[in-house]
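Now for the letters of each chain:
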Amino acid sequence: MRRTRFDQAHCPVARTTDLLGDWWTPIVLRELLLGRRRFNQIQERTGVSRAILSQRLKRLEGEGVVERIRYESSPPRHEYELTDKGRALWDVVVAMWQFGDEWLFDDSPGARIELIDRRTGEPIRPRMIDETTGNPLDLPSTRIRLRSH
């Protein structure tokens, strides 16, 4: 089945979906954001096939999310470093994390990963705010409009 592209859509959600909507891409991005830089590290942590991981990393590189850097010449080996664009996706991944934690787990006992503050060691509860006002974003107080250049 052919994938519908959204890279020319007027909607930022559609364009972000075009970038991150491939199977495994958000998981690969999570690993990069958590400091995994080498192909084998990402592959081992996720269990994604080598072929799929290669495709996803090439796409992220082509979109300017990661930069491929050679760290060994013989045999040639590379690691992947997030660009500013890639690091900016942290907020997207954290929003996905928060949604998944709140809505996609039941209350049954068992292990699950959580975000922890490096300074205090306490769990983090992400919250989205308006950068301009500092107010929390919620659905009733938000609307959209088409912005022209």
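Everything below is about the structure printed above this text.
Residues numbered from 1 in each chain as written. Predicted model: local features only at pLDDT ≥ 70, side-chain atom pairs only at ≥ 80, totals over all residues. Heavy atoms only, no water.

Peer 1: What am I meant to see in the pairing of strand β1 (residues 66-72) here?
Peer 2: It is a general feature of regular strands that their side chains alternate between the two faces of the sheet. Sheet topology note: the β1/strand β2 (residues 77-82) ladder contains 6 bridges and is antiparallel. Across the sheet, arginine 68 pairs through a bridge with tyrosine 80, a residue of β2. Remark: 4 residues form the turn of the hairpin made by β1 and β2, two consecutive strands paired antiparallel. (Pairing = 2+ DSSP bridges. Helix = DSSP H or I, 4+ residues; strand = E, 2+ residues; numbered from the N terminus.)

Peer 1: I tried to follow the packing of aromatic side chains on my own but got confused; where do I start?
Peer 2: Two numbers describe a pair of aromatic rings. These are the distance of the centres and the angle of the planes. The tally for this structure, following the rule as stated, stands at 0 aromatic pairs. When the ring centre of tyrosine 71 is taken as origin, the NZ or CZ atom of arginine 38, which lies over that ring, is 3.7 Å away. The residue whose ring lies beneath arginine 112 is phenylalanine 105, and the NZ or CZ to ring-centre distance is 4.5 Å. (Phe/Tyr/Trp six-rings, centres within 6.5 Å; stacked < 30°, edge-to-face > 60°. Lys NZ or Arg CZ within 6 Å of the ring centre and 35° of its normal.)

Peer 1: Explain unusual backbone geometry here, please?
Peer 2: Most of the time, phi is negative for any residue but glycine, and the peptide bond is trans. Following serine 74, the chain continues into proline 75 via a peptide bond in cis, with omega recorded as -5°. Counting through the fold element by element, proline 75 comes out in the loop between β1 and β2.

Peer 1: Looking at this model, I keep getting lost on helix α1 (residues 12-20). Mind explaining?
Peer 2: Because each turn of an α-helix spans 3.6 residues, side chains separated by three or four positions in sequence point in the same direction. For α1, every residue scored as buried is listed here: Ala14, Asp18, Leu19 and Leu20. Those residues of α1 hidden inside the fold are in contact with α2 (25-33), α4 (50-62) and α6 (90-103). (Buried < 20%, exposed > 50% of the residue type's maximum accessible area, 1.4 Å probe, protein only. Contact = heavy atoms within 4.5 Å.)

Peer 1: Could you clarify how one ought to interpret the packing of α2 against helix α3 (residues 39-46) in this entry?
Peer 2: Helix-helix packing is characterised by the crossing angle of the two axes and by the distance between the axes. At a minimum axis distance of 10 Å, the contact between α2 and α3 shows a crossing angle of 120°. When the axis of α2 is compared with that of α3, the two are oblique. The element α2 and its partner α3 pack so that their crossing is right-handed. Seen from α2, the contacting residues are Ile27, Val28, Arg30, Glu31 and Leu32; seen from α3, they are Ile42, Arg45 and Thr46. Along the lines of polarity and charge, the residues of the contact of α2 with α3 split into 4 nonpolar, 1 polar and 3 charged. (Axes fitted to C-alpha atoms, helices over the stretch in contact; angles between N-to-C directions. Parallel < 35°, antiparallel > 145°, perpendicular 65-115°, else oblique. Left-handed = near helix turned anticlockwise from the far one by under 90°. Nonpolar A, V, L, I, M, F, W, Y, C, P; charged D, E, K, R; others polar.)

Peer 1: What exactly am I supposed to notice about the pattern of salt bridges here?
Peer 2: Proximity of charged atoms lets side chains of opposite charge pair with each other. Tallied over the full model, the rule gives 16 salt bridges. As a salt-bridge pair, arginine 37 and glutamate 79 come within 2.9 Å of each other at their nearest N and O atoms. With arginine 37 in the loop between α2 and α3 and glutamate 79 in strand β2, the pair connects residues that are 42 residues apart, well separated along the chain. The partly exposed category is assigned to arginine 37, whose relative accessible area is 30%. For arginine 119, the salt bridge is made with aspartate 117, and the minimal N-O distance between the two is 3.3 Å. Relative accessible area serves as the criterion here: at 75%, arginine 119 is assigned to the exposed category. On the basis of relative accessible area, aspartate 117 is assigned to the buried category, the value being 18%. (Salt bridge = Lys/Arg side-chain N within 4 Å of Asp/Glu carboxyl O.)

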